[in-house]
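Close look at the chain arrangement
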Amino acid sequence: MSETQGRPLTGRMVLAITVSAFSVIIAVNLVMAWFAIDTFPGLEVRNSYVASQGFNDRLREQRALGWTTEADMTGGRLTVRILDADGRPAPVAEISAILGRPTTEREDTVPEFRFEGGAFVADVDADYGNWDLRIDAHAADGSEFAYRVGLIHHR
């Protein structure tokens, strides 16, 4: 028989191992929480109560327009079609949008749209993958049309 060599396992060693393991777990969780909050604060509006006050009126106004939206992003080209109730291009007086990743604000960009072939088109320098497009359009009478769509950027 051979003898095992080394120090005996004592209560202090077990305590040190346990405290060390939990310290690593807590440190990793803190670092991950820091990066999660740093990349996406989760803030949509500064004051949700104030933003909610006119929500129903804006929703009613937007539904009265009868507009629908189709969006596509392929090969660095973003195409947005806003159609009226009859399926024709809607009479959009002004359009702006923010294109960004769903979980971070770092890559947010504002596409420069041009009207081309019944659609709003913009060339974007966006990596492939999952994106969110937040559209803000206005009709000639000032009615606002706000829409958010998830996009997958294809090659």
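What comes next concerns the included structure. No experiment lies behind these values; they were computed from the predicted model shown.

The next point concerns the nonpolar core. Residues W67, I82 and L133 are the most contacted members of the largest nonpolar core, which totals 24 residues. Among the elements of the structure, β2 (77-83), β3 (92-100), β5 (119-123), β6 (129-139) and β7 (144-153) are those that each provide at least two residues to this core. Here this core gets 5 residues from one element, more than from any other, and that element is β6. Excluding residues within four positions of it along the chain, I82 makes contact with W67, T68, T69, R88, P89, A90, V92, I95, I135, A137 and F145.

Read from one edge to the other, the open sheet built from 3 strands follows the order β3-β6-β7, with strand pairing classed as antiparallel. In this open sheet, the two strands that pair with only one neighbour each are β3 and β7. Within the sheet, the average angular offset between the axes of one strand and its neighbour, ignoring direction, is 20°. Alignment of β3 against β6, held across 8 bridges, turns out to be antiparallel. What sits directly across from I95, in β6, is A137. Relative to the sheet, helix α3 (residues 55-65) contacts β6 and β7, its axis offset from that of β7 by approximately 75°.

What follows covers the sheet that holds strand β1 (residues 68-74). With respect to topology, 4 strands assemble into an open sheet ordered β1-β2-β5-β4, the strand pairing being antiparallel. Each of the sheet's edge strands pairs with one partner strand only, and the pair in question is β1 and β4 (114-116). Recorded for the sheet is a direction-independent mean angle of 30° between the axes of neighbouring strands. Sheet topology places β4 next to β5; 3 bridges connect them, and they run antiparallel.

Turning next to the pattern of salt bridges. Applying the stated rule across the entire model yields 8 salt bridges. The shortest N-O distance in the salt bridge between R114 and D123 comes to 3.5 Å. Note on D123: relative accessible area 54%, which makes it exposed. Taken together, the salt bridges that share partners define one network made up of R77, R114, E116 and D123.

About the criteria used
Residues numbered from 1 in each chain as written. Predicted model: local features only at pLDDT ≥ 70, side-chain atom pairs only at ≥ 80, totals over all residues. Heavy atoms only, no water. Core = buried A, V, L, I, M, F, W, Y, C linked by side-chain atoms within 4.5 Å. Buried < 20%, exposed > 50% of the residue type's maximum accessible area, 1.4 Å probe, protein only. Helix = DSSP H or I, 4+ residues; strand = E, 2+ residues; numbered from the N terminus. Contact = heavy atoms within 4.5 Å. Pairing = 2+ DSSP bridges. Axes fitted to C-alpha atoms, helices over the stretch in contact; angles between N-to-C directions. Salt bridge = Lys/Arg side-chain N within 4 Å of Asp/Glu carboxyl O.

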